[in-house]
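Survey of secondary and tertiary structure
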Amino acid sequence: MARVQVSSRKRMLIFVNIVISCIASSLLATALSTALLPIATDLNVSVTTGQWLTSGYSLMMAIVMPLSAFLISRFPTKRLYSGAILLFLAGLAVCALAVNFPMMMVGRLMQAAGGGVLTSMAQVIILTIFPEEQKGSAMGWYGLAIGAAPVIAPTLGGILVDTLGWRAIFVCSFVIMLVSFIYSLLVFENVLDNEKKKFDVASFIMSALAFGGITLGIGNIGTYGAASVQFLLPLIVGVVFAAIFSVRQLHLDVPFLDISILKDKDYAISVIGSMLLYFNVYGGTVILPLYVEQALGMSATIAGLITLPGSLVSAIVSPFAGRIYDKVGMRILFIIASILLIISNGMMCFVTLDVGLWVAVILNITRNIATACLLMTLVTWGASTVSINKTSHATALLTSLRTIAGSIGTAVFVAIMTMVSTGAAASVSESSASMRGVNMAFLGMFISDIVLFIIALLGTRDATKKKPKTATA
């Protein structure tokens, strides 16, 4: 199918539709955090079991992301996008009407499946319909939308839970997504190329075991420990099938997920950079609240307020970062952002119990500025270096790998903090022991930031020279 030429007006209508859909799914992802306890109580399950509403969601996303590359290239854009919204809507309805935990879990998995396709499609569509000189700005505004929603979602979720009950979260999300569905039927066009190819069942099963196994294994390390069967078995299964999956894709004429694009140096660097960024960001997102609550002994409300300024600044900076990328390319942004991460996480290594809380707020703002500079621009840059008919594979692969890296970061840095704190508890106070654990966790992030800086410095010399995209590999 030939690609439709999209007018500026139609392009903006499609973009707005994408933003509405992604805001709804992003809101739900974080709003649910404030509703886990009442949901678990109402459905008569423990909070540990209730946590599967979020961890199971992430697991399904990891499985669906590689599949999205096939779906995007196989089915017409409008039909697939609308279908993904319908699946998400069905999942919301199931959760809103759930009378037991299994029913709720099914609804969450349906949402994850629809949301995974929507997330992958959103980035591919934006990178396809906008001209080269506007891609960075468009992705920046998209980043603002999906970045701002999680900032206000926990507060909105808390208000809905306290006033109308937890089911209101799913009802409100349903209304927003229903508007997006109707909107998509009116404005969407088939803007992506399609090709008829057979669904590779074996590759899909391998990818599910690979991405799902690694994500599940890493997610279990914090609960069961590094020597547990719950951690080692799924991780080993995931790694083994990841290797088998990779070999298979390199030998297929029409791969299920084209990993050969990693041979492109710039794209490979964008993937590695994104993985390190998520490894770092996810770890910091968890460790900073633990610093406030465990080391300083303050409330969860204070911990949330500490992270709020940084999240707001990140949402504001994102569009400007995209605009800067359009003008000067990736190299300058990459280097400056890496330096900011080194400074913020490096200084957190020396924070003590006597240091004012405002220091952590400023350092977190600095960290979020750096994150905003790289989050969407790395995706834009990486996709710009591969042929246009492989954009769906590029975004699916990058999104899957950075999601896994984020899970690893969370598990690793929490483990570092826990081990150091436990070891120090015998000789110092509980607060001081927790503080040492926090310092060492940020030291780990600091080291990863140095690696990121070296990659930015040595690997992006020609990043400002955009490669022309063609329809062939």
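Describing the overall build of the protein chain
- Helix and strand counts for the protein chain come out as 17 helices and zero strands.
- Computed over C-alpha atoms, the radius of gyration of the protein chain comes to 22 Å, within 12% of the 23 Å expected from 2.2 N^0.38 for 473 residues, which places it in the range of a compact globule.
- Its C-alpha atoms put the protein chain at 70 × 55 × 45 Å along the principal axes.
- Looking at the protein chain residue by residue over its 473 residues, the buried ones come to 54%.
- Contacts spanning at least 24 positions in sequence make up 83% of the contacts within the protein chain whose residues lie at least 6 apart.
- Carbon together with sulfur atoms contributes 71% to the accessible area of the protein chain, which is approximately 19500 Å² in total.
- With 28 positive and 18 negative side-chain charges, the protein chain shows a spacing of 7 Å between the two charge centroids.

Digging into the pattern of salt bridges
- Tallied over the entire structure, the rule returns one salt bridge.
- The closest approach of N and O atoms between aspartate 200 and arginine 248, which form a salt bridge, is 3.0 Å. Placement of the pair is aspartate 200 in the loop between helix H8 (167-187) and helix H9 (201-224) and arginine 248 in helix H10 (residues 229-251), with a sequence separation of 48 residues.

With respect to the packing of aromatic side chains
- Scanning the model with the defined rule gives 10 aromatic pairs in all.
- With a centroid separation of 4.4 Å and 20° between ring planes, the pair formed by tyrosine 81 and phenylalanine 188 is classed as stacked. Residue tyrosine 81 is found in helix H5 (residues 77-96), and its partner phenylalanine 188 is found in the loop between H8 and H9; the two are separated by 107 residues along the sequence. Accessibility classification places tyrosine 81 together with phenylalanine 188 in one group, the buried group.
- Here the aromatic rings of phenylalanine 199 and phenylalanine 256 are separated by 6.0 Å at their centres, their planes lie at 65°, and the arrangement is edge-to-face.

Focus: unusual backbone geometry
- Phi is positive for asparagine 44, close to 60°, though the residue is something other than glycine.
- Within the secondary structure, asparagine 44 sits in the loop between helix H2 (36-42) and helix H3 (47-50).

Some words on the nonpolar core
- Ile18, Met104, Ile125, Tyr142 and Phe170 are the most contacted members of the largest nonpolar core, which has 88 residues in total.
- Top contributing element to this core by residue count: helix H6 (residues 101-129), with 14 residues.
- In terms of nonpolar packing, the next biggest core, distinct from the first, is built from 23 residues, Tyr291, Val359, Met435 and Val438 among them.

Structural notes on the confidence of the model for the protein chain
- Within the protein chain, residue pLDDT values average 82, and 90% of them lie at 70 or more.
- Per-element averaging of pLDDT across the protein chain places H3 at the bottom with 66 and helix H13 (residues 330-348) at the top with 93.
- Note on residues 463-473: pLDDT under 50 across the span, and 29 contacts to partners over four residues away in sequence or across chains.

Some thoughts on the packing of H5 against H8
- Contact geometry for H5 and H8: axes closest at 9 Å, N-to-C directions at 160°. The angle between H5 and H8 places the two elements in the roughly antiparallel class. Our pair here, H5 against H8, has a crossing hand that is left-handed. Listed contacts from H8 to Lys78, Tyr81, Ser82, Ile85, Leu86, Phe88, Leu89, Leu92, Ala93, Cys95 and Ala96 of H5 are Arg167, Phe170, Val171, Ser173, Phe174, Met177, Leu178, Ser180, Phe181, Ser184 and Leu185.
- Its residues assigned to classes, the contact of H5 with H8 shows 16 nonpolar, four polar and two charged.

Description of the side chain of serine 184
- Considering the arrangement of structural elements, one finds serine 184 in helix H8.
- Taking the relative accessible area as the measure of exposure, serine 184 reaches 0% and is therefore buried.
- When near neighbours in sequence (up to four residues on either side) are disregarded, serine 184 contacts Asn17, Lys78, Tyr81, Ser82 and Ile85.

Focus: the layout of surface pockets
- What the second largest pocket holds in volume is close to 360 Å³.
- As for the second largest pocket, its lining consists of 20 residues, of which Ser73, Glu195, Asn389, Lys390 and His393 are closest to the centre.
- Listing elements by their share of the lining of the second largest pocket, those giving two or more residues are helix H4 (52-74), H6 and helix H16 (391-424).
- Ranked by residues supplied to the lining of the second largest pocket, first place goes to H16 with three residues.

Some remarks on H5
- Here H5 spans 29 Å end to end across 20 residues, near enough to the 28 Å set by a 1.5 Å rise per residue.
- For H5, the set of buried residues is Thr77, Leu80, Tyr81, Ser82, Ala84, Ile85, Phe88, Leu89, Gly91, Leu92, Cys95 and Ala96.

Focus on a nonpolar patch on the surface
- Nonpolar side chains collect at one region of the surface, where Leu178, Ile182, Leu185 and Leu186 lie side by side and expose about 370 Å² of accessible area between them.
- Taking relative accessible area as the criterion, leucine 185 reaches 41% and is therefore assigned partly exposed.

What to know about the environment of methionine 376
- Along the chain, methionine 376 falls in the loop between helix H14 (357-374) and helix H15 (377-384).
- In this structure the C-alpha to C-alpha distance between methionine 376 and tyrosine 142, which are 234 residues apart in sequence, comes to 8.4 Å.

Section: the packing of helix H11 (residues 265-295) against H14
- At a minimum axis distance of 12 Å, the contact between H11 and H14 shows a crossing angle of 160°. The angle between H11 and H14 places the two elements in the roughly antiparallel class. Seen along the crossing, H11 lies across H14 with a hand that is left-handed. The residues of H14 that touch H11, namely those facing Leu277, Val281, Leu288, Tyr291 and Val292, are Leu357, Ala360, Asn364, Arg367, Thr371 and Leu374.
- Here the contact of H11 with H14 is built from residues that sort into eight nonpolar, two polar and one charged.

Calculation rules
- Residues numbered from 1 in each chain as written.
- Predicted model: local features only at pLDDT ≥ 70, side-chain atom pairs only at ≥ 80, totals over all residues.
- Heavy atoms only, no water.
- Helix = DSSP H or I, 4+ residues; strand = E, 2+ residues; numbered from the N terminus.
- Rg over C-alpha atoms; globule rule 2.2 N^0.38 Å.
- Buried < 20%, exposed > 50% of the residue type's maximum accessible area, 1.4 Å probe, protein only.
- Contact = heavy atoms within 4.5 Å.
- Areas by Shrake-Rupley, 256 points an atom, 1.4 Å probe, with all protein chains shown as cover.
- Lys, Arg positive; Asp, Glu negative; His and termini not counted.
- Charge placed at Lys NZ, Arg CZ, Asp CG, Glu CD.
- Salt bridge = Lys/Arg side-chain N within 4 Å of Asp/Glu carboxyl O.
- Phe/Tyr/Trp six-rings, centres within 6.5 Å; stacked < 30°, edge-to-face > 60°.
- Core = buried A, V, L, I, M, F, W, Y, C linked by side-chain atoms within 4.5 Å.
- pLDDT = per-residue confidence, 0-100.
- Axes fitted to C-alpha atoms, helices over the stretch in contact; angles between N-to-C directions.
- Parallel < 35°, antiparallel > 145°, perpendicular 65-115°, else oblique.
- Left-handed = near helix turned anticlockwise from the far one by under 90°.
- Nonpolar A, V, L, I, M, F, W, Y, C, P; charged D, E, K, R; others polar.
- 1 Å grid on protein atoms, 1.4 Å probe; cavity = no way out; pocket = protein on both sides within 12 Å on 5 of 7 lines; lining within 4 Å.
- Points joined across faces, edges and corners; volume = space filled by probe spheres on them.
- Expected span 1.5 Å × (residues − 1).
- Patch = residues over 30% accessible without salt bridge, like charges linked within 9 Å, V, L, I, M, F, W, Y side chains within 5 Å.

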